[in-house]
Amino acid sequence: MKIAKASIILILLASCLSCSTANTNKSSITPSLYVKMGQQPALDKIVDNLINIIGNDDVVFGHFADSNITYFRKNLTVFLCHIVDGPCEYSGDTMQDIHRGMYINKNQFNHFVELFIDAMEAAEISYPIQNQLLARLAPLRESIIKI
Ligand code: HEM
């Protein structure tokens, strides 16, 4: 009888330990960038702002003149949602394949990033969150420039 009681206590202790381990899992207590930035409505605002800004921009508009904007809006939104750890799976082409042959140079890339910052600003995204998002876009630079 004593042994049975000890076993039950051990089982309870073990399950309690695994439950506390799960609760200290970083991902369950740290909100994703997607959540911190305001989820889908914030992404929609950024992308809409960006498209309007590009439409009035002399430096990069030429690249988009023949693009399907509905398609671009949808795919860019899903892509951004994916890279901020939102609930989206981006299954489009790689950044390298999409931008291959566009001959995007450094100035155009940097300018695009400035337009992106303006789009985040107009969507009232805070500076720390803007910086976190930019840090996730920065590594794409090499895949997008001049290929
Ligand atoms: C961090 C920077 C960038 C990111 C994250 C990005 C992301 C994307 C994504 C996800 C798409 C796919 C949308 C689609 O399938 O149509 C796309 C398409 C496109 N991107 Fe970029 N892009 C960046 C920089 C640039 C720059 C600098 C230019 C030009 C100066 C550019 C020009 C284009 C164009 C023209 C398309 C549409 C292609 C088409 O018509 O299908 N992108 N971009």
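As shown above, the structure is provided for reference.
As the structure is a prediction and not an experimental result, all values here were calculated from the model. The written sequence of each chain sets the order in which its residues are numbered from 1. The predicted nature of this model means local features are confined to residues of pLDDT at least 70 and side-chain atom pairs, given and counted, to a pLDDT of 80 or more, with totals for whole chains, interfaces and linings taken over all residues. Hydrogen atoms and water are omitted, and side-chain values are computed over all heavy atoms in the structure.

Chemist: Would you mind going over the packing of helix H8 (residues 106–122) against helix H9 (residues 127–137) with me for this structure?
Modeler: Pairs of packed helices are described in terms of their axes, by the angle between the two and the distance that separates them. A fitted line through C-alpha atoms represents every axis, and for helices the fit uses only the stretch in contact; the resulting angles, taken between N-to-C directions, go from 0 to 180 degrees. Numbering of helices and strands runs from the N terminus; a helix is a DSSP stretch of H or I covering at least four residues, while a strand is a stretch of E covering at least two. Where H8 contacts H9, the two axes come as close as 11 Å, and the packing angle between them is 145 degrees. H8 and H9 meet at a crossing whose hand is right-handed. Together, Val 113, Phe 116, Ile 117, Met 120 and Glu 121 of H8 and Tyr 127, Gln 130, Leu 133, Leu 134 and Leu 137 of H9 make up the contact between the two elements. Each residue belonging to the contact of H8 with H9 can be placed in one class, and the counts come to eight nonpolar, one polar and one charged. Crossing handedness is defined as follows: a turn of the near helix away from the far one that is anticlockwise and smaller than a right angle gives a left-handed crossing, while the clockwise case is right-handed. We call two residues in contact whenever any of their non-hydrogen atoms come within 4.5 Å of each other. Three classes are used: nonpolar for Ala, Val, Leu, Ile, Met, Phe, Trp, Tyr, Cys and Pro, charged for Asp, Glu, Lys and Arg, and polar for all others, with Gly counted as polar.

Chemist: Looking at this structure, how should I read the site of the ligand?
Modeler: Looking at the ligand, there are 20 residues lining it, with His 63, Phe 64, Ser 67, Asn 75 and His 99 nearest. Throughout this description, a polar contact denotes any pair of N or O atoms lying within 3.5 Å of each other; where both atoms belong to protein, one of them has to be capable of donating a hydrogen while the other can accept it, and for residues adjacent in sequence the pair is counted only when both atoms sit in side chains. One nitrogen or oxygen atom from the side chain of Ser 67 is found 2.9 Å from an oxygen atom belonging to the ligand. In the model, a nitrogen atom of the ligand is placed 2.9 Å from a nitrogen or oxygen of the His 99 side chain. Where the shell around the ligand is concerned, the elements lending two or more residues are helix H5 (61–64), helix H6 (69–83), helix H7 (95–99) and H8. Ranked by the residues each element gives to the shell around the ligand, the list is headed by H6, at five residues. Split into classes, the residues belonging to the shell around the ligand amount to 15 nonpolar, five polar and no charged. Any residue with a heavy atom positioned within 4 Å of a molecule or strand is treated as near that molecule or strand.

Chemist: Whenever I open this one, the nonpolar core confuses me. Can you help?
Modeler: Side-chain atoms within 4.5 Å are what join buried Ala, Val, Leu, Ile, Met, Phe, Trp, Tyr and Cys residues into a set we call a nonpolar core. Throughout, exposure labels follow a simple rule: accessible area from a 1.4 Å probe, protein chains only, divided by the maximum for the residue type, with under 20% read as buried, over 50% as exposed, and the rest as partly exposed. One finds Ile 46, Leu 80 and Phe 116 to be the most contacted residues of the largest nonpolar core, which totals 37 residues. Of all elements in the fold, only helix H3 (33–37), helix H4 (39–55), H6, H8 and H9 reach the threshold of two or more residues within this core. No other element matches the seven residues that H4 contributes to this core. Beyond its immediate stretch of four places on either side in the chain, Leu 80 contacts Leu 43, Val 47, Phe 116 and Leu 137.

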